[in-house]
Amino acid sequence: MRVPEFFNTPLTCEISMNGTCKNTDHLREERVEDVAGGLLKGHLDLVESTDSTTEKSFSDNRSVSSSGSSNVQDTITTNLGESSDSFERHKSLVNVAQVLLESIGEDVNREGLRKTPERFAKAIEFLTSGYQQSVEEAVNGALFEEDVDAQEPVTVRDIDVFSLCEHHMLPFFGKCTVSYVPNKKVIGLSKLGRIVDILSRRLQVQERLTKQIAETIEKITEAHGVAVEMEARHLCMACRGVQKNNAVTITRSMRGVFKNNAILRQEFLKK
Ligand SMILES: Nc1nc2c(ncn2[C@@H]2O[C@H](COP(=O)(O)OP(=O)(O)OP(=O)(O)O)[C@@H](O)[C@H]2O)c(=O)[nH]1
């Protein structure tokens, strides 16, 4: 069984307002032995091979408090709330998968399907993990003051996109190109990919996803302008329904100077 990162970390410190620092490892033990009251253990037993999302929720919450032990206690309470929510979510997804298998006439106990509800739950948790993530946390303050040339865009092409269409909950996937004209600050390049991931790992329609990516980048970077173009294939159009396997949908969102400056816009659209 993999153990969440939290339990493998060295000494935890609690820093009080007056700057003193004391060991709070006892809180970690309490968290398992007493505070969790068995819930955490139950969770770990059920989610035997803990997925990255669950690990993240534990490791992210390993906190160094800047305002004393009550905050540490608050954090623990919040963590247990989140852990309990994710436990309940996981349990219902496993149940849903079992019902789904039974509904199509499958035997949920046959060898090949025994672990399928668990796998299904983990896959759906991953594909919708964007609901549990915040863009601000992912960007992590990676905005850098730079004296860049006015009106010169920064463009990252071919960022992979995997999302689920909200109509059929089937994947749509492809790539997107993001461009922005910086306004005194630039964003860490990887953060553009992270923003795309967080917004994609939700139930979406391609048009809304494209617009949300542009709006989010504009808000975070305060850029003079942002342009996003996405090309994607929708499995709901390929493997079922109209069955157009080669159809590719292209969506765009232009904001700020990209909207008004024809040259910038043309440059962006030129491949
Ligand atoms: N605009 C848009 N439509 C989408 C997207 N993803 C799926 N759709 C469409 O959503 C529509 C849902 O139509 P409905 O008639 O309610 O559902 P349906 O009977 O399954 O439709 P068919 O797919 O035509 O069989 C379909 O036309 C899908 O192609 C998307 O990202 N953007």
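Everything here concerns the structure above.
Owing to the predicted nature of the structure, the values given are computational and were not obtained by experimental measurement. (Residues numbered from 1 in each chain as written. Predicted model: local features only at pLDDT ≥ 70, side-chain atom pairs only at ≥ 80, totals over all residues. Heavy atoms only, no water.)

### Notes on the overall build of the protein chain
When its secondary structure is counted, the protein chain shows eleven helices and nine strands. Looking at the protein chain as a whole, 38% of its 271 residues are labelled buried. Considering only residue pairs separated by 6 or more positions, the protein chain has 67% of its internal contacts joining residues 24 or more positions apart. (Helix = DSSP H or I, 4+ residues; strand = E, 2+ residues; numbered from the N terminus. Buried < 20%, exposed > 50% of the residue type's maximum accessible area, 1.4 Å probe, protein only. Contact = heavy atoms within 4.5 Å.)

### Overview of the packing of aromatic side chains
A complete count under the given rule lists two aromatic pairs for this structure. Ring centres of Phe-258 and Phe-268 lie 5.9 Å apart, and the angle between their planes is 70°; this geometry places the pair in the edge-to-face category. With Phe-258 in helix H10 (residues 257-260) and Phe-268 in helix H11 (residues 262-269), this residue pair connects regions lying ten residues apart in the sequence. You can call Phe-268 buried: its relative accessible area is 5%. (Phe/Tyr/Trp six-rings, centres within 6.5 Å; stacked < 30°, edge-to-face > 60°.)

### Focus on the pattern of salt bridges
Per the counting criterion, the structure on display carries twelve salt bridges. Residues Glu-215 and Lys-211 are paired through a salt bridge, measuring 3.5 Å at the closest nitrogen-oxygen approach. Taken as a pair, Glu-215 and Lys-211 lie in helix H8 (residues 206-221) at a separation of four residues, close to a single helical turn. One salt bridge in this structure joins Arg-255 and Glu-215, with 3.9 Å as the shortest N-O distance. Pair noted here: Arg-255 is in strand S9 (residues 249-256) and Glu-215 is in helix H8, with a separation of 40 residues, a long-range link. Linked through salt bridges whose partners overlap, the residues forming this network are Lys-211, Glu-215, Glu-218 and Arg-255. (Salt bridge = Lys/Arg side-chain N within 4 Å of Asp/Glu carboxyl O.)

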